[in-house]
Amino acid sequence: MPMTRAERVSIHKKQERMNVGTGIPVASDLQEGVSVLRSTSGGVIEYLNYGGVLHEKRFSQSTETSAPVKSAFNATATSDQTITVNVADQTITFTATRYNINNDFDVSSNSYIAPVAGIYSFYMQILWKESESDEFDTGEKLNLNIYNSTTSTTIGSNVLEAPFDYDANIFFVSRLHTEAVLAKGDSIIVRVTSIASGGNMVTYNGTQTNYSYFTGHLISEV
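Residues numbered from 1 in each chain as written. Predicted model: local features only at pLDDT ≥ 70, side-chain atom pairs only at ≥ 80, totals over all residues. Heavy atoms only, no water.

J.: So what's going on with the overall build of the protein chain? Which residues, and what values?
T.: Within the protein chain, the regular secondary structure consists of one helix and 17 strands. Across the protein chain, every contact between residues at least 6 apart in sequence was considered, and the portion connecting residues at least 24 apart equals 66%. Summing over all exposed atoms, the protein chain offers an accessible surface of approximately 12400 Å²; the carbon and sulfur share of this is 50%. (Helix = DSSP H or I, 4+ residues; strand = E, 2+ residues; numbered from the N terminus. Contact = heavy atoms within 4.5 Å. Areas by Shrake-Rupley, 256 points an atom, 1.4 Å probe, with all protein chains shown as cover.)

If you want it as structure tokens, here you go:
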């Protein structure tokens, strides 16, 4: 005899709140057409009584342990920053973000914190302005690096050396791209050393926030 609507609704509600029991049932233990889940020595199995015969469907263990992590950021400088001459490894400040997927970039420490072990890609651009003619002259250098402060490891570096004496009010730019394998919790920052006999260097922001920025993303978990 076909089931009534009330019986179908009852079965549906029972299936919605199905719990996992233990042990292998016999057909007579089960209501006709209502499946149950049981934990057995062979794993989790769904059993169904149909026509007085016990049927089963075995579940295999999923290889997925969690949803894939998505992490990407674009952090910008919002004001000019003075880089003191001949002081090593000064951290470049990025005090705002255009986007910060998964909130892994910390503007308070100017650092990106790797959420998982994986392969990561980073890119930074710094715009410089020479306000005075003696700031960046022949042979003077700006050494920039993308740095893992957790492991004290440089993961990418760039040297910009003045080929001649720059005039005052000249703009020039440093760019750097790198990729690296990071462990969960590794902290990544941008650092610079100005090696010079002249004055201090200044990063330039002006009224924009797109002149100097630091961006990166997770390529793949490992």
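J.: Summarise unusual backbone geometry; cite the residues concerned and give the values.
T.: The phi dihedral of Asn-103 is positive, around 55°, even though this residue is not glycine. One can find Asn-103 in the loop between β8 (96-101) and β9 (105-106). Non-glycine residue Asn-169 carries a positive phi angle of around 65°. Of note, Asn-169 is situated in the loop between β13 (153-161) and β14 (170-182).

J.: Requested: an account of the nonpolar core, with residues and values cited.
T.: Of all hydrophobic cores here, the largest spans 31 residues; its most connected members are Phe-122, Trp-128, Ile-146 and Phe-214. If you list the elements that add at least two residues to this core, you get β5 (72-76), β11 (118-130), β12 (141-148), β14, β15 (187-195) and β17 (213-221). Excluding its chain neighbours within four sequence positions, the residues that come into contact with Phe-122 are Phe-73, Tyr-112, Ile-146, Ile-155, Leu-176, His-177, Thr-178, Leu-182, Ile-188, Phe-214, Thr-215 and Gly-216. (Core = buried A, V, L, I, M, F, W, Y, C linked by side-chain atoms within 4.5 Å. Buried < 20%, exposed > 50% of the residue type's maximum accessible area, 1.4 Å probe, protein only.)

J.: Got a sec to walk through the pairing of β15? Specific residues and values, please.
T.: Burial analysis of β15 places eight of its nine residues in the buried class, the great majority of the element. Pairing of strand β7 (residues 90-91) with β15, which is carried by two bridges, proceeds in the antiparallel orientation. Bridge pairing in β15 places Gln-90 opposite Val-192. By the bridge criterion, two bridges tie strand β10 (residues 111-113) to β15 in an arrangement that is antiparallel. Its bridge partner lying in β15, Tyr-112 is registered against Ile-188. As paired elements, β12 and β15 share eight bridges and run antiparallel to each other. Among the inter-strand pairings, Leu-144 is bridged to a residue of β15, identified as Val-192. (Pairing = 2+ DSSP bridges.)

J.: Tell me about the pattern of salt bridges, and name the residues and values.
T.: Counted under the stated rule, the structure contains three salt bridges. With its nearest N and O atoms 3.4 Å apart, the salt bridge here joins Arg-58 to Glu-56. A salt bridge links Arg-191 to Asp-89; the shortest N-O distance between them is 3.4 Å. Placement of Arg-191 in strand β15 and of Asp-89 in the loop between β6 (81-83) and β7 is noted, with a sequence separation of 102 residues between them. (Salt bridge = Lys/Arg side-chain N within 4 Å of Asp/Glu carboxyl O.)

J.: Which residues make up the packing of aromatic side chains, and what are the values?
T.: The tally for this structure, following the rule as stated, stands at 13 aromatic pairs. Arranged with centres 6.4 Å apart and planes meeting at 50°, the rings of Phe-73 and Phe-122 form a pair that is tilted. Highlighted residues: Phe-73 in strand β5 and Phe-122 in strand β11, separated in sequence by 49 residues. You can call Phe-73 buried: its relative accessible area is 0%. The exposure class assigned to Phe-122 is buried, which follows from its relative accessible area of 0%. Ring centres 6.0 Å apart and planes at 45° place the aromatic pair Tyr-123 and Tyr-213 in the tilted group. Within this pair, whereas Tyr-123 is found in strand β11, its partner Tyr-213 is found in strand β17, the two being separated by 90 residues in sequence. By relative accessible area, Tyr-123 is classed as partly exposed at 23%. (Phe/Tyr/Trp six-rings, centres within 6.5 Å; stacked < 30°, edge-to-face > 60°.)

J.: Tell me what's going on with a nonpolar patch on the surface, and back it up with residues and numbers.
T.: Taken together, Val-20, Val-44 and Phe-59 make up a surface patch of nonpolar side chains, about 240 Å² in accessible area. Among the secondary structure elements, Val-44 is positioned in strand β3 (residues 43-50). Val-44 gets classed as partly exposed once you look at its relative accessible area, which sits at 33%. (Patch = residues over 30% accessible without salt bridge, like charges linked within 9 Å, V, L, I, M, F, W, Y side chains within 5 Å.)

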